[in-house]
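Architecture at a glance
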Amino acid sequence: MNALLSKLPAFALPFVTRSLRGGRGRRYVIFSLILAFVTSVVGMWLTLGSGSLEQGLRTDLGVEEYEYEVERRSFTVLTHDPFEHQQAKSEVATLRANGDHPDGTYGQAYDLFEQGRAMLRQAALSPSPDPAHNQLHLQAAALIGDTSYNQYGGWDDSFAWHDAAEVRVLEAVLANDGIPQVGAYSSPLGVSDGLKLVGLFAGLLLAGFATVFAPLLVAVQQAQERHENTLMPLTGTALSPRELAVGLAAGPSFVIGIFAAPQLAIFLICALFVGEIFVAGALLAALAATGALFIFGAQLLGQLMGDKRTPGIIGIALMCLTCVAWLAGVGLLGSNEDEIAGFAAVLPHLGLSALLGEVFFDIPASFSRVFVGAFVWTCGAVILGWLTLNALARRVEGNGGVLLDRWSALIGALTCIALVNVAIPDLNHSEAFVRQYIGLAMLALPLALLLMARVPTGDGHPRMRAVPVPALLLEFGGWGVLHFVTVAVVFGSSISSLHPVALGWLMWCTAVLALIAIRIVAVPSKVAANLWAGFCAMSLTVGFAQAVFWAEASQPRDLGEVFAMTELSPVLGLVQVALTIWIPVSLVRHLRKSLRAIS
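Residues numbered from 1 in each chain as written. Predicted model: local features only at pLDDT ≥ 70, side-chain atom pairs only at ≥ 80, totals over all residues. Heavy atoms only, no water.

1. A closer look at the overall build of the protein
Along the backbone of the protein there are 22 helices and two strands. Relative to a compact globule of 599 residues, whose C-alpha radius of gyration would be 25 Å, the protein shows 32 Å and is clearly more extended. Counting over 599 residues, the protein shows a buried share of 45%. In the protein, the proportion of contacts linking residues at least 24 apart, taken out of those at least 6 apart, comes to 76%. (Helix = DSSP H or I, 4+ residues; strand = E, 2+ residues; numbered from the N terminus. Rg over C-alpha atoms; globule rule 2.2 N^0.38 Å. Buried < 20%, exposed > 50% of the residue type's maximum accessible area, 1.4 Å probe, protein only. Contact = heavy atoms within 4.5 Å.)

The structure is reproduced here in structure tokens:
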């Protein structure tokens with residue numbers, strides 16, 4: 001351990017040493033090896049175990065067929081315990097002795113027998129169009145005997161001779177003379193399949209370490225440093241702000257790295273065994289870029305919120321957010337819908353899940369667009385991570401001012417625009433309109449965060465600061481125009497979507513969102529002001545809905561519909577007009593009252 005620590009950069013060494021002090025490093029190594037052993041044992045147990053729990057988990061993961069499908073295909077009753085096995089044997093003996101089962105009785109063998117008899121009757125009543133199946137048709141007719149009994153109505157005379165799987169099932173029924181076999185259930189997977197599951201679990205833990213635990217620990221530590229005001233002495237050292245930011249993140253990240261190293265070795269060995277080392281490398285690259293962005297983003301969050309919120313609250317909020325994001329990504333992957341595959345460009349958990357699945361199992365070809373989204377996200381994460389690190393370094397420096405300069409914010413805006421347009425699926429109907437407006441809705445949050453990084457901050461009283469509100473409004477609006485221009489150049493434009501009323505409502509939404517973002521950063525939060533800002537944010541949905549209403553109009557609209565509430569009631573219409581005017585005015589007045597200057 002000491003030899004490894006001696007190779008660390010000077011700016012990271014003291015922080016990593018602090019995280020490993022008091023023999024913690026040795027304990028972390030032991031626990032990481034135990035975790036790796038548990039990963040391997042659980043993977044093999046899940047692969048080779050024959051219990052109902054293991055079987056259910058395998059079918060849920062999609063690595064094993066459902067039992068009823070296996071029973072029907074092999075025409076064999078599968079049993080899980082001696083009593084069940086003996087019961088099935090007794091039922092089969094009754095069938096062999098009587099050629100049928102007593103009326104009103106039910107059992108696994110009886111049920112499978114009825115399925116086989118129905119299939120034999122179908123095959124006997126429907127001659128095969130393929131001469132190769134004539135012998136099967138004759139055998140079924142000879143075995144079924146009386147074909148006049150029609151248990152399932154008109155369906156009995158329509159055997160699917162064109163379906164090769166159904167023909168194979170019929171062959172199994174005929175091979176057993178219509179009487180099912182009995183066999184004890186055992187896992188159909190082998191050791192090679194076990195290596196796939198072990199590698200899958202190791203990959204899941206790697207993804208969790210990089211995107212959940214490492215950002216969480218870094219954010220909590222940074223918030224604690226900020227909350228206890230212990231960063232000030234560090235800024236007086238010879239370390240640059242960037243080195244200090246990276247060093248602060250290195251301590252918790254190194255601890256996570258100790259736990260991740262054995263899992264990485266297991267993952268690479270299993271990926272090499274299945275021959276998907278290239279895809280595994282792509283996953284690790286995407287995971288590294290995503291993890292770096294999340295770590296620096298969480299560290300910046302801890303810096304900004306540490307003096308306002310306790311570290312515990314910040315940690316709980318981040319844990320909930322990351323867990324919801326992973327659930328959403330895995331859920332979207334399970335749908336296998338091509339229309340949502342591109343969302344990997346804005347929801348990295350979808351792309352990471354798909355890459356991990358592709359290493360050990362096959363992702364459907366119809367969902368292959370997810371890899372394009374994952375590649376674009378990886379490139380975007382590198383750029384956004386670099387911008388986040390710049391903002392973090394300026395925050396750690398503590399000299400006030402903006403976190404991002406104008407050109408850095410512009411690069412971030414262009415990156416977000418590219419990611420959103422990759423995420424939106426290709427549509428044949430009104431593609432430009434959908435990209436313009438749905439894209440703007442998806443860009444609202446990331447562009448608002450970029451604008452917050454452009455607002456000057458400092459430790460002094462807000463009345464001592466000047467915030468260039470008009471310039472920031474123009475900059476924020478310019479990013480929206482860039483989105484429209486990008487869509488027009490790459491995907492074509494839609495003249496109807498540029499209706500003057502729609503553009504007017506978009507300008508109103510842009511101004512209100514920008515003013516809310518500026519207010520959050522520049523003005524101290526108070527309960528009443530926060531409630532009003534929340535109401536203003538909710539009003540954005542009404543304004544944006546009206547912009548969409550006018551933009552997608554296939555027929556001319558009445559000018560009386562400029563304010564939609566007028567259609568419900570003249571009083572509500574007057575209220576909407578008043579709020580449309582008062583909301584931006586109130587936000588500007590609040591900024592003017594709280595700051596030294598807003599221009």
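2. Focus: helix α12 (residues 241–274)
Of all the bends in α12, the greatest reaches close to 35° and is centred on A260; the proline P262 follows between one and four positions later. Of the residues flanking the end of α12, it is G275, one or two places downstream, whose phi is positive at about 80°. (Bend = angle between axes of the 7 residues up to and from the residue.)

3. Let's talk about the pattern of salt bridges
Scanning the entire structure with this criterion turns up six salt bridges. E65 serves as the salt-bridge partner of R73, at 2.6 Å between the closest nitrogen and oxygen. A salt bridge links E166 to R72, with the nearest nitrogen and oxygen atoms 2.9 Å apart. In this pair, E166 is assigned in helix α9 (residues 164–175) and R72 in helix α5 (residues 67–74), connecting sequence segments 94 residues apart. Given a relative accessible area of 17%, E166 falls into the buried group. (Salt bridge = Lys/Arg side-chain N within 4 Å of Asp/Glu carboxyl O.)

4. Re the confidence of the model for the protein
Counting all residues, the mean pLDDT for the protein is 84, and 92% of those residues have values of 70 or more. Of all helices and strands in the protein, the one with the weakest mean pLDDT is helix α1 (residues 2–5) (65), whereas helix α17 (residues 406–423) scores best (93). Confidence drops under a pLDDT of 50 for residues 149–156, and excluding neighbours within four residues, the segment shows twelve contacts in the predicted structure. (pLDDT = per-residue confidence, 0-100.)

5. Considerations on the packing of aromatic side chains
With the rule as written, the count across this model stands at eleven aromatic pairs. Seen in terms of ring centroids, Y66 and Y68 are 6.1 Å apart; in terms of plane orientation they differ by 25°. Their pairing is stacked. Looking at Y66, the relative accessible area reads 43%, which means it is partly exposed. Looking at Y68, the relative accessible area reads 55%, which means it is exposed. Taken together, a centroid distance of 5.4 Å and an interplanar angle of 25° make the contact between W532 and F535 stacked. Placement of the pair is W532 and F535 together in helix α21 (residues 527–551), with a separation of three residues, close to one helical turn. The exposure class of W532 is partly exposed, given its relative accessible area of 27%. Ring-pair connections join several aromatic residues into one group, and the members of that group are Y437, F484 and F544. (Phe/Tyr/Trp six-rings, centres within 6.5 Å; stacked < 30°, edge-to-face > 60°.)

6. A word on the nonpolar core
With 70 residues, the main nonpolar core has Y437, L451, V467, W479, V512, I518 and L591 as its most contacted residues. Considering each element in turn, this core owes the most residues, 14 residues, to helix α20 (residues 500–522). Discounting residues that sit within four places of it in the chain, W479 has contacts with A409, L410, A413, I417, L447, L450, L451 and R454. (Core = buried A, V, L, I, M, F, W, Y, C linked by side-chain atoms within 4.5 Å.)

7. Concerning a nonpolar patch on the surface
Taken together, the side chains of I30, F31, I34, F37, V38, V41, V42, W45, L53 and L57 define a hydrophobic patch exposed on the protein surface, amounting to about 900 Å² of accessible area. Residue assignment for the nonpolar patch shows that the elements contributing at least two residues are α3 (24–48) and α4 (52–61). Residue contributions to the nonpolar patch peak at eight residues, all from α3. Looking at the element boundaries, F37 is found in helix α3. (Patch = residues over 30% accessible without salt bridge, like charges linked within 9 Å, V, L, I, M, F, W, Y side chains within 5 Å. Areas by Shrake-Rupley, 256 points an atom, 1.4 Å probe, with all protein chains shown as cover.)

8. Remarks on the environment of L53
Relative to the helices and strands, L53 is located in helix α4. On the basis of relative accessibility, which here comes to 53%, the residue L53 falls in the exposed class. Sequence separation between L53 and G107 is 54 residues; the distance between their C-alpha atoms is 23 Å.

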